[in-house]
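Next come the chains, spelled out residue by residue.
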Amino acid sequence: MKHTGRAFWIDSPGRGGIRDVSLPDPGEGEVLVRTLFSGVSRGTETLVFRGGVPASQHTAMRAPYQEGDFPGPVKYGYLNVGVVEEGPGTLVGRTVFCLYPHQTRYVVPASAVTPVPDSVPAERAVLAGTVETAVNALWDAAPLVGDRIAVVGGGMVGSSVAALLPRFPGVRVQLVDADPGRAGIAKALGVGFASPEDALGDCDLVVHASATEQGLARSLELLSAEGTVLELSWYGDRPVSVPLGEAFHSRRLVIRSSQVGTVSPARPHRTYADRLALALDLLADPALDALVTGESAFEDLPDVLPKLASGELPALCHRVRYGESA
């Protein structure tokens, strides 16, 4: 049987289209997946859409099933939830998550898909890749009982981190963002909210995810002595100034990077599969639905992505839905 599908490609920076694709029959140890939903992370993915990945990072920024090269034409994406139509009997009919781009059907090794727990709706499972980033960040940050914590930047990654932090006993968590509209997200996640100028200081830990120089500077200001800023922002090809003068050294402040491409060295015996399975388990919490702030049909992606990239269409995670006969 000949299988076909349709895929969204970035044809050139700022322009995309849908292409027909032919699929091979799944071989031994492979699965054919029909996509139910995919997700657009407004941070990384819209940066790719704009052509903002610096040449030095073209290899590091490749998605697992990316086709083409930056800046384009390129097929990019990594938040895909579908149902297995063909493959091993233990997986056929199962809803699975895969780090695959926006495509109606695809064939991958069975090891590349992770079953979605029955407690997690397929619609919410598109968040798994970003919650996995948050898990890795918290493994790096290692917050302690009773810590005072700020998350600066209420985008998709920052909000995912903020959603997990209240699970630590006795912590004070505040989501900090210049957009007052993010207060509703914070409330839904069960954490405090403040504008940058009103944020609570004396923090043991600040997680920075605003991707702005101002946000990084404010993160350092919010620290207590010997506190740590965990830097999650991806700046693409933009140079960034870091305020290392004044009291930075005398207060013995720390700036530490974290990136999901490597499992945190704080968990040396955990695998990528372990981390993703944990992220999916954590998505049983319905509060995380607050991170999905928009939805459109797959066929509309060529018109929707430019609006997401420009900010005309505000979003944390934008969900893409696929028809029954995708």
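Residues numbered from 1 in each chain as written. Predicted model: local features only at pLDDT ≥ 70, side-chain atom pairs only at ≥ 80, totals over all residues. Heavy atoms only, no water.

Draft legend 1. Helix H3 (residues 128-141), seen in detail. Across its 14 residues, H3 extends 20 Å between first and last C-alpha, which sits within 8% of the 20 Å expected from 1.5 Å per residue. The buried count for H3 comes to 14 of 14 residues, which makes it a mostly enclosed element. The first or second residue beyond H3 is Ala142, which carries a positive phi of 50°. (Helix = DSSP H or I, 4+ residues; strand = E, 2+ residues; numbered from the N terminus. Expected span 1.5 Å × (residues − 1). Buried < 20%, exposed > 50% of the residue type's maximum accessible area, 1.4 Å probe, protein only.)

Draft legend 2. Main features of the pairing of strand S6 (residues 80-86). For S6, the buried fraction is high: five of the seven residues fall into the buried class. Taken together, the six bridges between strand S3 (residues 30-41) and S6 define a ladder with antiparallel strand orientation. Paired with Ser38 across the strands is Asn80, a residue of S6. Where S6 meets strand S7 (residues 95-98), four bridges bridge the pair, whose relative direction is antiparallel. Bridge pairing in S7 places Val83 opposite Thr95. (Pairing = 2+ DSSP bridges.)

Draft legend 3. Up close: a nonpolar patch on the surface. A surface patch of nonpolar side chains, amounting to about 210 Å² of accessible area, comprises Val242, Leu244 and Ile255. Locating Leu244 in the fold gives a position in the loop between strand S14 (223-231) and strand S15 (254-257). Given a relative accessible area of 42%, Leu244 falls into the partly exposed group. (Patch = residues over 30% accessible without salt bridge, like charges linked within 9 Å, V, L, I, M, F, W, Y side chains within 5 Å. Areas by Shrake-Rupley, 256 points an atom, 1.4 Å probe, with all protein chains shown as cover. Salt bridge = Lys/Arg side-chain N within 4 Å of Asp/Glu carboxyl O.)

Draft legend 4. Looking closely at the pairing of strand S8 (residues 105-109). With four of its five residues buried, S8 lies for the most part within the structure. Where S3 meets S8, five bridges bridge the pair, whose relative direction is antiparallel. Paired with Val31 across the two strands is Val108, which belongs to S8.

Draft legend 5. Examining the sheet that holds strand S11 (residues 172-176) more closely. With parallel pairing, the six strands of this open sheet are ordered in space as S12-S11-S10-S13-S14-S15. Both edges of this open sheet fall to strand S12 (192-194) and S15, since each of them pairs with a single strand only. When strand polarity is set aside, the average angle formed by the axes of neighbouring strands in this sheet is 25°. Examined bridge by bridge, strand S10 (residues 148-152) and strand S13 (residues 203-208) share four bridges and lie parallel to one another. For Ala150, the partnering residue across the bridge sits in S13 and is Val206. Running at roughly 150° to S14, H3 makes contact with S13, S14 and S15 of the sheet. Of the strands in this sheet, S10, S11 and S13 are in contact with helix H4 (residues 156-164), which crosses S11 at around 165°. (Axes fitted to C-alpha atoms, helices over the stretch in contact; angles between N-to-C directions. Contact = heavy atoms within 4.5 Å.)

Draft legend 6. Layout of the nonpolar core. Counting residues in each nonpolar core, the largest one holds 73 residues, and the members touching the most others are Tyr76, Phe97, Leu127, Val131, Val161, Leu280 and Leu283. Among the elements that make up this core, the one with the highest residue count is H3 (eight residues). Beyond its immediate chain neighbours, meaning those up to four positions away, Val131 contacts Ser160, Leu164, Ala279, Leu282 and Leu283. With 16 residues, the next largest nonpolar core counts Val152, Ala211, Leu222 and Tyr235 among its residues. (Core = buried A, V, L, I, M, F, W, Y, C linked by side-chain atoms within 4.5 Å.)

Draft legend 7. Fine view of the packing of aromatic side chains. In the structure shown here, the tally under the stated rule is five aromatic pairs. Taken together, a centroid distance of 6.0 Å and an interplanar angle of 90° make the contact between Tyr76 and Tyr78 edge-to-face. Tyr78 matches Tyr76 in its accessibility class, with the two residues each being buried. Here a set of aromatic residues connected by ring pairs shows up, and it is made of Tyr65, Tyr100 and Tyr106. When the ring centre of Trp9 is taken as origin, the NZ or CZ atom of Arg19, which lies over that ring, is 4.3 Å away. (Phe/Tyr/Trp six-rings, centres within 6.5 Å; stacked < 30°, edge-to-face > 60°. Lys NZ or Arg CZ within 6 Å of the ring centre and 35° of its normal.)

Draft legend 8. Broad picture of the packing of H3 against helix H7 (residues 272-282). Taken N-terminus to C-terminus, the directions of H3 and H7 make an angle of 110°; their axes are 8 Å apart at the nearest point. What the angle tells us is that H3 and H7 run roughly perpendicular. As for the relative orientation of H3 and H7, their crossing is right-handed in sense. On H7, the residues that touch Ala128, Val131, Glu132, Val135, Asn136 and Trp139 of H3 are Tyr272, Arg275, Leu276, Leu278, Ala279, Leu280 and Leu282. Class assignment for the residues of the contact of H3 with H7 results in 10 nonpolar, one polar and two charged. (Parallel < 35°, antiparallel > 145°, perpendicular 65-115°, else oblique. Left-handed = near helix turned anticlockwise from the far one by under 90°. Nonpolar A, V, L, I, M, F, W, Y, C, P; charged D, E, K, R; others polar.)

Draft legend 9. Representation of the pattern of salt bridges in the model. What the rule picks out here adds up to 17 salt bridges. Of the charged contacts in the structure, one is a salt bridge between Arg19 and Asp11, with a shortest N-O distance of 3.1 Å. On the accessibility criterion, Arg19 (31% relative accessible area) is partly exposed. Glu295 serves as the salt-bridge partner of Arg321, at 3.3 Å between the closest nitrogen and oxygen. Placement of the pair is Arg321 in strand S17 (residues 317-321) and Glu295 in strand S16 (residues 292-297), with a sequence separation of 26 residues. When its relative accessible area of 37% is taken as the criterion, Arg321 is described as partly exposed. Judged by its relative accessible area of 36%, Glu295 is partly exposed. Through salt bridges that share partners, Arg34, Glu85 and Arg105 make up one connected network.

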